[in-house]
Amino acid sequence: MTYDLQPAGSHYIDGAYVDDTAGAEIPVIFAATGARIATLHAATPAIVEQALAAAEKAQADWAKLSPRERGRVLTRAAQIMRERNYDLSVLETYDTGKPLQETLVADATSGADALEYFGGLAASLTGEHIPLGEDWVYTIREPLGVCVGIGAWNYPTQIACWKAAPALACGNAMVFKPSETTPLCALKVAEILTEAGAPAGLFNVVQGMGEVGASLVTDPRVAKVSLTGSVPTGRKVYAAAADGMKHVTMELGGKSPMLVFDDADIDNAVGGAILGNFYSSGQICSNGTRVFVQKGIKEAFLARLSERLKGAVIGDPLDEATSFGPMVSEQQMTIVQGFIEKGVAEGARLVTGGKRLDRDGWYLEPTVFADVTDDMTIAREEIFGPVMSVLDFDTEEEAITRANATEYGLAAGVFTADLSRGHRVIGKLKAGSCFINSYNDAPVEAPFGGVKMSGVGRENSKAAIEHWSQMKSVYVRMGDVEAPF
Ligand code: NAD
């Protein structure tokens, strides 16, 4: 089957594709070959204006629907996404370079989970009655209004759905700006929402670099900004949103610890470390990139890890047998190569990998460093690529202190056979998304998000509702008003 990857327009506004070729060109490159597969244009101010005006208009009517009717649109969209999972997964693979083996089970499916979950939840979103003797207060859960979503490039379908689903369920409209590196998938989410019955203008997609995102964030019509991106971008977006006193959700980067105690099942711990460092070629915000292994099992852990890494099938991401694909872009590959060079220069032991593959596309080998110390660059900075740092430790207390010695706090994991230790240690790790004898699961039913510099707010679960709605309280006096004069 051949795919025409060029969309009918760069942007999706008011229920239709639109374009303005005056905007800067955005080439879409297939990471596995380096070939250009589509060309889009960044939004001009006129396009941004169209999108915000359409969202503002649609939001007013959408908020008047009963929540159950809103939910029905979302659950229908979830069903369409599941029916088209194969084609959406192929598109995700072209957009990101991630292997089809992954995209078939992790992208449109996870987007559909969010649409289904929040579609189901919509009808149960209510206020409360607060008795005050004769008088009483009731609260009304209201939408925020026009919301902006800004995405990173690693999970373009999932990020669009994780933001759109709770936002729309609560009665908001959205203008979504995908990453300029992966602009294709969010357009399909918009098409599917329209097909499922979402009114024109409810979910709009505008393309562009940071400036387009910045122009959305500062627009006075926008009530909320949800960003998935890096900490430096988060700082800028949060500050700009603060100026207009807007609500924010910040899903930012991490340098998460995974603690492997000497009583852990080694194969499970190695499996967790592989998932938490090499899935999506390591381009996952919550990855456990600092793997602290207790000294007694360090060499056994490294030996088993090296053995299992030989099983990675590196190749064409469109081949379902491939389990490890290219980096998203040449730029990201170059950044990661720089970190690998620093790891070597600063004295870490390169156990395996470290090289670019001699083939087209942006392929780096799965890379493991051992004997990494806390002060090395590869142990401190987010790499966002297939590079695992293995550090060793003696005691539980030491591991906890060192694991927490970072400005980030997105995720953390513990592998141990001693469950009371598992809970005790997780209780002391400063992170938002934690795992015991597992790593990187992100079911829509559970809150997802970080502490410290890794972010503000939570996506998924009932917790997300608080970030996409606000309460109005209404005091009702049953008797006379007693005024002093
Ligand atoms: P990035 O910060 O470079 O860009 C993110 C988005 O912000 C892009 O759409 C970009 O165009 C936009 N942007 C840039 N400057 C802007 C500005 N001034 N105003 C408004 N928008 C602006 O991040 P990236 O390289 O696309 O993605 C990788 C980063 O994302 C990593 O740090 C990773 O950890 C993080 N991430 C976090 C999560 C999470 O849920 N916590 C998930 C995925 C990725």
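What comes next is a walk through the structure.

**Concerning the overall build of the chain**
From N to C terminus, the chain includes 16 helices and 20 strands. Computed over the C-alpha atoms, the radius of gyration of the chain is 24 Å, within 12% of the 23 Å expected from 2.2 N^0.38 for a compact globule of 485 residues. Projected onto its principal axes, the C-alpha positions of the chain cover 80 × 60 × 40 Å. For the chain, the proportion of its 485 residues judged to be buried stands at 56%. Within the chain, residue pairs in contact and separated by at least 24 positions form 73% of the contacts whose partners lie at least 6 positions apart. In the form shown here, the chain has an accessible surface area of approximately 19,300 Å², with 53% of it arising from carbon and sulfur atoms. Computed over 42 positive and 61 negative side-chain charges, the separation of the two mean positions in the chain equals 2 Å.

**Focus: the site of the ligand**
Taken together, 27 residues surround the ligand, and among them G151, E180, S230, T233 and E382 come closest. Separating an oxygen atom of the ligand from a side-chain N or O atom of W153 is a distance of 2.9 Å. Within the side chain of K177, one N or O atom sits 2.9 Å away from an oxygen atom of the ligand. Protein chains bury 87% of the 850 Å² of accessible surface belonging to the ligand in isolation. Mapped by element, the contributors of at least two residues to the shell around the ligand are α8 (210-218), β10 (222-228) and α9 (231-243). Among the elements that make up the shell around the ligand, the one with the highest residue count is α8 (three residues). Classifying every residue of the shell around the ligand by side-chain character gives 13 nonpolar, 10 polar and four charged.

**Side note on the sheet that holds strand β17 (residues 411-415)**
Taken together, the seven strands give an open sheet; going across it, the order is β14-β15-β16-β13-β12-β17-β18, and neighbouring strands pair in mixed fashion. Pairing within the sheet leaves two strands with one partner each, and these edge strands are β14 (349-352) and β18 (433-436). With direction set aside, neighbouring strand axes in the sheet form an average angle of 20°. Alignment of strand β12 (residues 257-260) against strand β13 (residues 290-294), held across four bridges, turns out to be parallel. Across the sheet, P257 pairs through a bridge with R290, a residue of β13. Its contacts with the sheet put helix α10 (residues 266-278) on β12, β13, β15 (367-370), β16 (387-393) and β17, and the angle it makes with β16 is roughly 140°. Packed onto the sheet, helix α12 (residues 330-345) meets β15 and β16 and runs at close to 25° relative to β15.

**Describing the nonpolar core**
Of all hydrophobic cores here, the largest spans 102 residues; its most connected members are M81, L115, F118, L193, F203 and V206. With nine residues, the top contributor of residues to this core is helix α6 (residues 156-169). When near neighbours in sequence (up to four residues on either side) are disregarded, L115 contacts L74, T75, A77, A78, M81, C161, A165 and L193. Within the second largest apolar cluster, 30 residues are counted, among which are M333, L364, V372 and L429.

**Thoughts on the packing of aromatic side chains**
Scanning all chains against the criterion turns up nine aromatic pairs. Ring geometry for F30 and Y94: centres 4.7 Å apart, planes at 55°, overall tilted. Taken as a pair, F30 in the loop between β3 (25-29) and β4 (36-41) and Y94 in helix α3 (residues 85-96) lie far apart in primary sequence, 64 residues in all. A relative accessible area of 6% means that F30 is categorised as buried.

**Looking at helix α1 (residues 45-64)**
An ideal rise of 1.5 Å per residue puts 28 Å on 20 residues; α1 measures up with 30 Å between its terminal C-alpha atoms. Regarding α1, the residues found buried are I47, V48, A51, L52, A54, A55, A58, Q59 and W62.

**Some words on the sheet that holds strand β20 (residues 469-476)**
Each strand in a sheet pairs with its neighbour through backbone hydrogen bonds, running either in the same direction (parallel) or in the opposite one (antiparallel). Pairing in this open sheet of three strands is antiparallel, and the strands run β5-β6-β20 from one edge to the other. The two strands at the open ends of the sheet, each matched to only one other strand, are β5 (129-132) and β20. When the angles between neighbouring strand axes are averaged without regard to direction, this sheet yields 20°.

**As for the pairing of strand β7 (residues 146-150)**
Strand residues, when the strand is regular, have side chains that alternate between the two faces of the sheet. Buried residues dominate β7, accounting for five of its five residues. Pairing of β7 with β10, which is carried by five bridges, proceeds in the parallel orientation. When the bridges of β10 are listed, V148 appears paired with V225.

**Describing the environment of I378**
Mapped onto the elements of the fold, I378 is located in helix α13 (residues 377-380). What makes I378 buried here is its relative accessible area of 1%. When the C-alpha positions of I378 and K255 are compared, they lie 9.6 Å apart, and in sequence the two are 123 residues distant.

**Quick word on the pattern of salt bridges**
One pass over the full model with this rule turns up 28 salt bridges. In this structure, R84 and E195 form a salt bridge, with 2.6 Å as the shortest nitrogen-oxygen distance. Taken as a pair, R84 in the loop between α2 (67-83) and α3 and E195 in helix α7 (residues 185-195) lie far apart in primary sequence, 111 residues in all. Taking relative accessible area as the criterion, R84 reaches 33% and is therefore assigned partly exposed. The closest approach of N and O atoms between R402 and D374, which form a salt bridge, is 2.7 Å.

**Examining unusual backbone geometry**
Phi at D371 is positive, roughly 55°, even though this residue is not glycine. A relative accessible area of 31% means that D371 is categorised as partly exposed. The residue N440 is not glycine, and still its phi comes out positive at about 70°. Judged by its relative accessible area of 18%, N440 falls in the buried class.

The rules behind these values
Residues numbered from 1 in each chain as written. Predicted model: local features only at pLDDT ≥ 70, side-chain atom pairs only at ≥ 80, totals over all residues. Heavy atoms only, no water. Helix = DSSP H or I, 4+ residues; strand = E, 2+ residues; numbered from the N terminus. Rg over C-alpha atoms; globule rule 2.2 N^0.38 Å. Buried < 20%, exposed > 50% of the residue type's maximum accessible area, 1.4 Å probe, protein only. Contact = heavy atoms within 4.5 Å. Areas by Shrake-Rupley, 256 points an atom, 1.4 Å probe, with all protein chains shown as cover. Lys, Arg positive; Asp, Glu negative; His and termini not counted. Charge placed at Lys NZ, Arg CZ, Asp CG, Glu CD. Near = heavy atom within 4 Å. Polar contact = N/O pair within 3.5 Å; in protein donor to acceptor, adjacent residues only side chain to side chain. Nonpolar A, V, L, I, M, F, W, Y, C, P; charged D, E, K, R; others polar. Pairing = 2+ DSSP bridges. Axes fitted to C-alpha atoms, helices over the stretch in contact; angles between N-to-C directions. Core = buried A, V, L, I, M, F, W, Y, C linked by side-chain atoms within 4.5 Å. Phe/Tyr/Trp six-rings, centres within 6.5 Å; stacked < 30°, edge-to-face > 60°. Expected span 1.5 Å × (residues − 1). Salt bridge = Lys/Arg side-chain N within 4 Å of Asp/Glu carboxyl O.

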